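# Structural characterization, general
Chain by chain, the residues:
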Amino acid sequence: FMTQHFIVIGNPIAHSKSPEIHTLFAAQAGIDIRYQRQYCPDDAASFAAVVEAFFHGGGVGANVTVPFKQVAYACCQSRGGLSEHAKVAGAVNTLLLNKALLNSGTPIAEALYGDNTDGQGLVNHITSLGWPLDGARVAIIGAGGAARGAILPLIQSGIGTLTIANRTVSKATDLVSELSAASTSISQQHITTCTTNELSGQFDIIINATSIGLSGETLPLNDALNTRYAYDMMYGRTLPFLEHFSARGAQTSDGYGMLIGQAALSFERWTGHSIDVVQDTKALNAK
Ligand code: NDP
């Protein structure tokens with residue numbers, strides 16, 4: 001019945017909703033946890049030092065957010081290992097200790113293991129909305145870290161076709177080549193790439209995985225682009241991307257459920273407790 005300790009490491013970190021989310025999960029699971037925000041200077045050595053101190057102090061698990069997901073990946077790669085999803089995403093959002101290594105006498109700092117639950121959190125949220133993924137014609141706009149992490153989980157969910165559109169189209173084609181070399185599930189999926197304003201035709205699901213909402217600019221969307229469902233990974237503000245497709249009759253969702261979805265998977269990974277996400281999403285939205 002000891003209190004289990006968790007942190008989320010980021011810079012900035014004050015805005016993070018993770019402590020609130022995980023505290024609700026713990027109440028649902030009936031376990032005692034302490035989950036804190038951990039600021040870290042923006043360099044790899046500081047990150048490694050923060051993580052080591054945390055796990056040496058008996059910490060159970062850590063979440064990693066902007067700008068450390070790639071740094072965390074590199075840390076785990078040279079220590080306790082990476083899950084398939086972390087490998088393909090090239091990024092880690094969930095840290096834990098590799099128990100098998102610890103049991104065989106590996107020091108704590110060398111047993112650091114990384115997973116990535118962001119993409120599966122997205123797929124679980126889309127599924128909970130009742131949007132069919134099986135056989136779906138899916139388009140992702142964006143070719144950065146968030147898009148990259150979503151590709152394998154979407155393909156594993158059984159989607160039909162995948163198109164990746166990006167302002168800089170070469171980043172989308174490079175991403176597809178790189179991921180196809182890293183995963184046979186991805187190399188076996190036919191993936192089309194184009195620029196954002198070239199993306200046109202009828203889709204089932206379009207996902208905005210760009211960071212455009214932060215700048216106040218809007219995406220140059222083609223008039224001949226239509227979708228049944230539109231998903232924006234962003235949340236917490238008015239999203240012109242969703243307004244555009246809502247006006248054309250699509251169902252829409254922001255990315256708050258993705259945030260809760262990735263948190264639930266991290267929590268399950270650390271504690272072994274499954275979480276009813278819908279119950280806690282209602283509680284969080286009510287606040
Ligand atoms: P990156 O910086 O890695 O990628 C940014 C992407 O946005 C690139 O494809 C870039 O295109 C595109 N972009 C940026 N500005 C513009 C613009 N003005 N016009 C067109 N395209 C633009 O960011 P991430 O992938 O890490 O994050 C993307 C978003 O996803 C963020 O807003 C983040 O908040 C959200 N996110 C949400 C999560 C959740 O749990 N809900 C989890 C993770 C991320 P180009 O290549 O041409 O530069």
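Criteria and cut-off values
Residues numbered from 1 in each chain as written. Predicted model: local features only at pLDDT ≥ 70, side-chain atom pairs only at ≥ 80, totals over all residues. Pairing = 2+ DSSP bridges. Helix = DSSP H or I, 4+ residues; strand = E, 2+ residues; numbered from the N terminus. Axes fitted to C-alpha atoms, helices over the stretch in contact; angles between N-to-C directions. Near = placed C-beta within 6 Å. Nonpolar A, V, L, I, M, F, W, Y, C, P; charged D, E, K, R; others polar. pLDDT = per-residue confidence, 0-100. Buried ≥ 20, exposed ≤ 12 C-beta atoms within 10 Å, placed from the backbone. Core = buried A, V, L, I, M, F, W, Y, C linked by C-beta atoms within 7 Å. Domains from an automatic or database assignment. Contact = placed C-beta atoms within 7 Å. UniProt positions renumbered as here; feature names shortened; annotations may be inferred.

Moving on to the sheet that holds strand E5 (residues 112-115). An order of E2-E1-E3-E4-E5 is seen for the five strands of this open sheet, with the pairing classed as mixed. Looking at the sheet topology across the chains shown, the edges are occupied by strand E2 (33-39) and E5. Taken pair by pair, the neighbouring strands of this sheet meet at an average axis angle of 25 degrees, ignoring direction. The pairing of strand E1 (residues 4-10) with strand E3 (residues 61-64) spans four bridges and is classified as parallel.

With that settled, the discussion passes to the site of the ligand. Not every one of the 27 residues close to the ligand is listed here, only the nearest: Gly144, Ala146, Arg167, Thr210 and Gly255. Class assignment for the residues of the shell around the ligand results in twelve nonpolar, eleven polar and four charged.

The pLDDT averaged across the protein chain works out to 95; a share of 99% of its residues lies at or above 70. Reported confidence for the predicted complex is 0.98 by ipTM and 0.95 by pTM.

With respect to burial, strand E10 (residues 225-232) is a largely interior element, six of its eight residues being buried. Here strand E9 (residues 201-208) runs beside E10; their pairing, made up of seven bridges, is parallel. By the bridge assignment, Ile205 is partnered in E10 with Tyr229. As judged from the three bridges shared by E10 and strand E11 (residues 251-253), these two strands associate in the parallel manner. Considered in E11, the bridge of Ala230 is made with Thr252.

One finds Ala62, Ala72, Val138, Ile140, Ala150, Ile164 and Ile207 to be the most contacted residues of the largest nonpolar core, which totals 86 residues. The element contributing the most residues to this core is helix H11 (residues 256-271), with eight residues. Here this core spans two domains, and each of domain 1 (4-116 + 259-286) and domain 2 (120-253) adds at least three residues to it. The contact partners of Ala62, leaving out residues within four places of it in the chain, are Phe6, Ile7, Val8, Ile9, Val51, Phe54 and Leu95.

A few words on the domain arrangement of the protein chain. Assigned domains of the protein chain: these are domain 1 (4-116 + 259-286) and domain 2 (120-253). Here the C-alpha centre of domain 2 lies 26 Å away from the C-alpha centre of domain 1. Contacts between the two partners involve 14 residues from domain 1 and, on the opposite side, 15 residues from domain 2. Contributions of two or more residues to the side of domain 1 that touches domain 2 are made by helix H4 (84-89), H11 and helix H12 (277-286).

Attention shifts here to the UniProt feature "active site" (unreviewed entry) in the protein chain. In this structure's numbering, the residues bearing the UniProt feature "active site" (unreviewed entry) are Lys69. The residue Lys69 is located in helix H3 (residues 69-77) in this model.

Okay, H3 next. All of the buried residues in H3 are Lys69, Val71, Ala72, Tyr73, Cys75 and Cys76. Check the buried side of H3 and you find it contacts helix H2 (44-56), E3, H4, strand E4 (94-97), E5 and helix H7 (145-156).

The subject of this paragraph is the sheet that holds E11. Spatial ordering of the open sheet is given by E8-E7-E6-E9-E10-E11, a layout of six strands whose pairing is parallel. Only two strands of the sheet have a single neighbouring strand rather than two, namely strand E8 (191-194) and E11. Within the sheet, the average angular offset between the axes of one strand and its neighbour, ignoring direction, is 25 degrees. With four bridges joining them, strand E7 (residues 161-165) and E8 adopt parallel strand pairing. Bridge pairing in E8 places Ile164 opposite Thr193. In the packing of helix H8 (residues 169-182) onto the sheet, the strands contacted are E7 and E8, and the crossing angle to E8 comes to about 160 degrees.

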